[in-house]
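The chain contents come next:
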Amino acid sequence: MARPSLLRRDGWKRSICCYCGVGCGVKVKTRNGVVSAVRGDEDHPVNRGKLCAKGALLSDIFVEDGRLLYPQVRNGQAAEPRRVSWDEAIGRAAGAIRRAIDDHGPDSVMLYGSGQLVTEDYYLFGKLAKGFIGTNNQDTNSRLCMASAVTAYNQSFGADAPPAGYADIEAANTFLIVGANMEACHPILYERIRVRKRAAKGRVKVIVVDPRATRTSEIADIHLALRPGSDVALLQSLLFEVRLAGGLDDQFLRRNTSGWAEVAESLDGWSAERAVELTGLDAANILETARIIAHNGPMLTFWTMGANQSTSGVDKNFALINLSLATGNIGKPGAGPMSLTGQPNAMGGREQGGLATTLPGHRLVANPEHRAEIERAWEVAPGSISDKPGVTAIEMIERLERGEIKVVWVAATNPVASLPNSDRVRRAFEQAETLIVQDAYHPTETTQLADVLLPAAQWSERGGTMTNSERRICLLEQITQPPGEALPDWQIVVKMAAALGYGDAFRYDGLEDIFYEYRELSRGRDMDITGISYPLLAQHRAGIQWPYPSAARIGPPEEGRRLFEQGVFHTPDGRARMHVPQWSPPADRIDDEYPLALITGRVKDQWHTMTRTGRSAKLMKSEPKPFLEINPADANGLGIRDRQAVRVTSRRGAFEVTARVTEAIRAGSVFAPFHWGSLWADHASSNLSASEFVDPRSKQPELKFAAVRVEPAPTD
Ligand SMILES: Nc1nc2c(c(=O)[nH]1)N[C@H]1C(S)=C(S)[C@@H](COP(=O)(O)OP(=O)(O)OC[C@H]3O[C@@H](n4cnc5c(=O)[nH]c(N)nc54)[C@H](O)[C@@H]3O)O[C@H]1N2
Ligand SMILES: Nc1nc2c(c(=O)[nH]1)N[C@H]1C(S)=C(S)[C@@H](COP(=O)(O)OP(=O)(O)OC[C@H]3O[C@@H](n4cnc5c(=O)[nH]c(N)nc54)[C@H](O)[C@@H]3O)O[C@H]1N2
Ligand code: SF4
Ligand SMILES: [Mo]
């Protein structure tokens, strides 16, 4: 079938921004084979031509300097990496993996990937690890990001299925934004909320729950600046007060949910007054919020890391989902509990089993039938997929320390900068017998330690599909050539599989072939995409939301689809399962020595560990240096002045940045971005101090809470 051309009449090609999970459509112009300009795609329903600065400045990431251009290997930690052929690099990496499997078993190998891979890459990594190497030790940075939401969605809806679509923004009357700085991190969605609010004059209410005042909270009618970690207390009391205010949807609760009786009972005693004690909020604000939720019409709830990155991350998610279910805010216009994805393809990874606990087609490693189905599809012997849950991101560090993991293969993530307690992480990686790192840039804090460096193509240099926060699958086609000898990630996996002796199972004509293989694994599942094909995606550049089973291939894909419109869920009894959220405070202990709570997060113009955004002079301008927000009440007591250098110390480590004395942060808490790793500023990474306590169910680390002390930086 002839493929509609990527090329628009005006000479611009179309693609999707490779940063956040909003998934904006972009137009790309090239000059001499290099991306020279990027603009918003007016025809794309997500952003209608708008972009934030990161997207608009994507052409700045194509620098010569700093790209990883050739495969390299290193003999011993003291040696410099030297350029080798692809064959030699893959031979060295595959040899190390094979030796580890033979000498110590498959669980001595770990693959650590990323929500920045395309789904085709993700799928191949999983197939190689789980189906052929025989280990479930395949995890991703989504563990630091979405794991709590995945666990809660699965347990509540019977599937990892975010229910609403962006079009619900234009139909919502109430926005409950919890632990999400959308103005900085999902700018185009924030913009849509702002426009909706302005257009609906007084009818739309925005509630922001965040210990900090941000540009996001500027549009809030109520900003609930709670104590960090106290969301479950707030959400339980909100549900208590919503019930008192007559805001429950009794019919929906009776017909479409189970577990309400237990949840209702758990609300006993959760009056606003009790929440005041635990959250530090005003009772009047809690009551007013409850009144809005009860009576203001359809409510869309957005949440991200303030909820997920917590030792009670799953409980926070349960409480958020309960609030929507109890008020009937699901499956109808303008309503739904929506955990936003952070990375451009975190959702695709979730679909195709990118976590240590999941298998393709929203299947679970723990389910014997799911394992058998995937074994049949991959034509491997029964029992090939291990029934042992795989090692998750933070556990990987512990296993490296104990010498149980020998080889780690990292792709499209920079864990030495992005995992908490980075000195420990660095030491653990140094203990690996072989560290293989597949990245587009070098050096990064992680490639610096690699024994084998595999150069990857990035964004416009490769194709594939990605799924955004609203389940919208879009096709990216290759627009430019990769530099040097860099290859698309999937081709590197294929090379590795062949060198390990599994070549027959990894013979693909191209990306499209891989897509059709995993598409089949979605048949009959909640996220069935059997009706989607590459030609259809090429025709519908705006993307197609799942589910999209083959029977749906009549007429064009509908826009703005939402799930659960009939009130039927993917649980065995078809009802949404409500779970009682348990209140517990954050894990790291506040005491006299470590009296403040350190929150870590993001700024608008930087992306994670800065390998790309750090190269744009324009993006660097808005926040040139790392900083610490501290309330004047705390600063005064500590003798700290605005713009003074401060040292922040936790039980794990210390970092030094510039103080920003501001009322924007509540007293008792401080905030620092985590972008600046050791290559971008000396000892300035908040991950030197951040905590690696995890939620017991999701294994997601509590990156939003570390007990610290702050003092003027020593001048020596
Ligand atoms: N500019 C930019 N955008 C990005 C990214 C980026 O690096 N840069 N990364 C992308 C990715 S991968 C992700 S996951 C998302 C993250 O997007 P967000 O989660 O919105 O970003 P963060 O800054 O990590 O944290 C959000 C807010 O949570 C608040 N918070 C901290 N503790 C608590 C708490 O206990 N309760 C509540 N209610 N709030 C709390 C913080 O004060 C912070 O303002 O952003 C995506 N978009
Ligand atoms: N303290 C603290 N730490 C955090 C967080 C926090 O809020 N606080 N947030 C956490 C969250 S939510 C996330 S998602 C993580 C993100 O953390 P990371 O994933 O470590 O951060 P990135 O800088 O996005 O790393 C992506 C890497 O992939 C490379 N790359 C880009 N494109 C490609 C490609 O196509 N192929 C390959 N092979 N490589 C490519 C980039 O150069 C870069 O080195 O950070 C986590 N860490
Ligand atoms: S909002 Fe997200 S997807 Fe859109 S341009 Fe900005 S970073 Fe890219
Ligand atoms: Mo993330």
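All told, the structure shown has 16 aromatic pairs when counted by the stated rule. When the centroid spacing of 5.6 Å and the interplanar angle of 75 degrees are considered together, the rings of F515 and Y516 count as edge-to-face. Residue class for Y516 comes out partly exposed when judged on its relative accessible area of 25%. Among the aromatic residues, those joined into a ring-pair cluster are Y123, W378, F515, Y516, Y518 and Y534. In this structure, R67 packs its charged tip against the face of Y441, placed 5.4 Å from the ring centre. A cation sits over an aromatic face here: R212 above F671, 3.5 Å from the ring centre.

Let's shift gears to the site of ligand 3. Near ligand 3 you find C17, Y19, C20, G23, C24, L51, C52, K54, G55, P187 and I188, and these make up its full shell. Secondary structure elements with two or more residues in the shell around ligand 3: helix 1 (53–56) and helix 6 (187–199).

Assigned domains within the protein chain: domain 1 (13–61), domain 2 (72–143 + 346–554), domain 3 (147–339) and domain 4 (596–712). Distance from the C-alpha centre of domain 2 to the C-alpha centre of domain 4: 31 Å. Residue-level contacts link 21 residues of domain 2 with 24 residues of domain 4. Between domain 2 and domain 4, roughly 1800 Å² of surface is buried when both sides are summed, and carbon and sulfur atoms account for 52% of that area. Between E395 and K699 there is a salt bridge, with the nearest N and O atoms lying 3.2 Å from each other. Where domain 2 meets domain 4, there are 16 residue pairs in polar contact (both at pLDDT 80 or more). Where the side of domain 2 that touches domain 4 is concerned, the elements lending two or more residues are helix 16 (393–401), helix 17 (415–418) and helix 18 (422–431). Element by element, the count of residues in the side of domain 2 that touches domain 4 is highest for helix 18, at 4 residues. Partitioning the side of domain 2 that touches domain 4 into residue classes produces 6 nonpolar, 9 polar and 6 charged.

Moving on, we come to the site of ligand 1. Near ligand 1 there are 33 residues, and of these D210, G229, T304, R602 and Q606 occur at the shortest range. Between ligand 1 and the protein, one listed contact pairs an oxygen atom with a side-chain N or O atom of R602 at 2.7 Å. Contacts to ligand 1 include K704, whose side-chain N or O atom sits 2.9 Å from an oxygen atom. Alone, ligand 1 offers 910 Å² of accessible surface; in the complex the protein occludes 99% of this. Looking at the shell around ligand 1, the elements with two or more residues in it are helix 5 (182–185), helix 12 (305–308) and strand 23 (596–601). Among the residues forming the shell around ligand 1, the class breakdown is 14 nonpolar, 11 polar and 8 charged. When residues of the shell around ligand 1 are assigned to domains, at least three fall in each of domain 3 (147–339) and domain 4 (596–712).

Rules of the game
- Residues numbered from 1 in each chain as written.
- Chains lettered and ligands numbered in written order.
- Predicted model: local features only at pLDDT ≥ 70, side-chain atom pairs only at ≥ 80, totals over all residues.
- Heavy atoms only, no water.
- Phe/Tyr/Trp six-rings, centres within 6.5 Å; stacked < 30°, edge-to-face > 60°.
- Buried < 20%, exposed > 50% of the residue type's maximum accessible area, 1.4 Å probe, protein only.
- Lys NZ or Arg CZ within 6 Å of the ring centre and 35° of its normal.
- Near = heavy atom within 4 Å.
- Helix = DSSP H or I, 4+ residues; strand = E, 2+ residues; numbered from the N terminus.
- Domains from an automatic or database assignment.
- Contact = heavy atoms within 4.5 Å.
- Buried area = accessible area lost by both parts, 1.4 Å probe.
- Salt bridge = Lys/Arg side-chain N within 4 Å of Asp/Glu carboxyl O.
- Polar contact = N/O pair within 3.5 Å; in protein donor to acceptor, adjacent residues only side chain to side chain.
- Nonpolar A, V, L, I, M, F, W, Y, C, P; charged D, E, K, R; others polar.
- Areas by Shrake-Rupley, 256 points an atom, 1.4 Å probe, with all protein chains shown as cover.

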